[in-house]
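# Close look at the chain arrangement
Letter by letter, the chains look like this.
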Amino acid sequence: MFAIVRTGGKQYRVAAGDIIAVEKLAGEAGDSVTLDDVLLAGDGGEMKDVKGLTVAAEIVAQEKGEKVIIFKKRRRHNYRRKNGHRQQHTVLKISAIGAAKAAKKAAPKKAAAKPADEKPAAEKKPAAEKKAAPAKKAAAKPAPKKAAAKPAAAKKAPAKKPAAKKPAAKKPAAKKKD
């Protein structure tokens, strides 16, 4: 089975076991990466549905590519500039094509989330009892807040007035002819 995957603005045709060099991805050697942007998948001459399809890969190394020389010259101006650049690459080994790996990763997350949900449920009962008493105090507080809000709005209104215009500068008097 093969797949066409887009990563780093480029497209790659991959199959299980392939090793490819792509634009730099976050991670260290040995980490696993999931490529979600699958454009096309097939097995021989048959095309597969790519909805929800992922490609699992393992980072082999983080390395630099070939050196590219940039040389600028302007004739007859004694202008020469030489510069070099080495692009960062990530070497990936494709381990599997399919959504089976993604489903396994999602299952442990759900299991970890269930115990977290149970703990807040136990804490909610005492919290509800505590909130009942402060609710009476909260009802008395909104009235002063509304009263305080009106004077604040009144103070803001004068600040919105436009600045007074300055009088125009006087022009000098014309010279008299003799």
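Residues numbered from 1 in each chain as written. Predicted model: local features only at pLDDT ≥ 70, side-chain atom pairs only at ≥ 80, totals over all residues. Heavy atoms only, no water.

## A few points about the sheet that holds strand β1 (residues 2–7)
The cut-off we apply is this: Any two strands are treated as partners once DSSP identifies two or more bridges connecting them. Counting from the N terminus, the helices are DSSP H or I runs at least four residues long and the strands are E runs at least two residues long.
The sheet built from four strands is open, its strands ordered β2-β1-β5-β6 with antiparallel pairing. Only two strands of the sheet have a single partner each, and these edge strands are β2 (10–15) and β6 (46–47). Pairing geometry for strand β5 (residues 38–43) and β6, over two bridges, is antiparallel. Bridge pairing links aspartate 43 to glutamate 46 in β6.

## Looking at a nonpolar patch on the surface
Test applied: Like charges are joined within 9 Å and nonpolar side chains (Val, Leu, Ile, Met, Phe, Trp, Tyr) within 5 Å, but only among residues with over 30% relative accessible area and no salt bridge; these make up the patches. Calculation of accessible area relied on Shrake-Rupley with a 1.4 Å probe; when residues are assessed, cover is drawn exclusively from the protein chains displayed. One speaks of a salt bridge when a side-chain nitrogen belonging to Lys or Arg is within 4 Å of a carboxyl oxygen belonging to Asp or Glu.
Taken together, the side chains of Leu39, Leu40 and Met47 define a hydrophobic patch exposed on the protein surface, amounting to about 250 Å² of accessible area. One can find methionine 47 in strand β6.

## Here we look at the pattern of salt bridges
For side chains of opposite charge, pairing can occur when their charged atoms come near one another. Stated precisely, the cut-off is as follows: The rule is simple: take the accessible area with a 1.4 Å probe, protein chains only, and divide by the maximum for that residue type; under 20% is buried, over 50% is exposed, in between is partly exposed.
All chains considered together, the criterion is met by two salt bridges. Between aspartate 37 and arginine 6 there is a salt bridge, with the nearest N and O atoms lying 2.8 Å from each other. Here aspartate 37, found in the loop between β4 (32–35) and β5, pairs with arginine 6, found in strand β1; they are 31 residues apart in sequence, far enough to count as distant. Across the salt bridge formed by lysine 10 and glutamate 23, the nearest N and O atoms sit 2.8 Å from each other. You can see lysine 10 sitting in strand β2 and its partner glutamate 23 sitting in strand β3 (residues 19–23), a full 13 residues away along the chain. Looking at lysine 10, the relative accessible area reads 40%, which means it is partly exposed.

## Details of the pairing of β1
For β1, a buried count of five out of six residues is recorded, marking the element as mostly surrounded by other parts of the structure. In this structure, β1 lies alongside β2, joined through six bridges in antiparallel fashion. What sits directly across from alanine 3, in β2, is valine 14. Here β1 folds back onto β2 in antiparallel fashion, the turn holding two residues, of which glycine 8 has a positive phi close to 65 degrees.

## Examining the sheet that holds strand β8 (residues 79–97)
The following threshold applies: For every element, the axis is a line fit to its C-alpha atoms; helices are fit only across the contacting stretch, and the angle between N-to-C directions ranges from 0 to 180 degrees.
Pairing within the open sheet is antiparallel, and its four strands lie in the order β3-β8-β7-β4. The two strands at the open ends of the sheet, each matched to only one other strand, are β3 and β4. Between one strand and the next, the sheet's axes are offset by a mean angle of 45 degrees, whatever the strand orientation. When β4 meets strand β7 (residues 55–74), the two strands line up antiparallel, connected through four bridges. Pairing of serine 32 across the sheet is with glutamate 58, part of β7.

None of this, on its own, says anything about what the molecule does.
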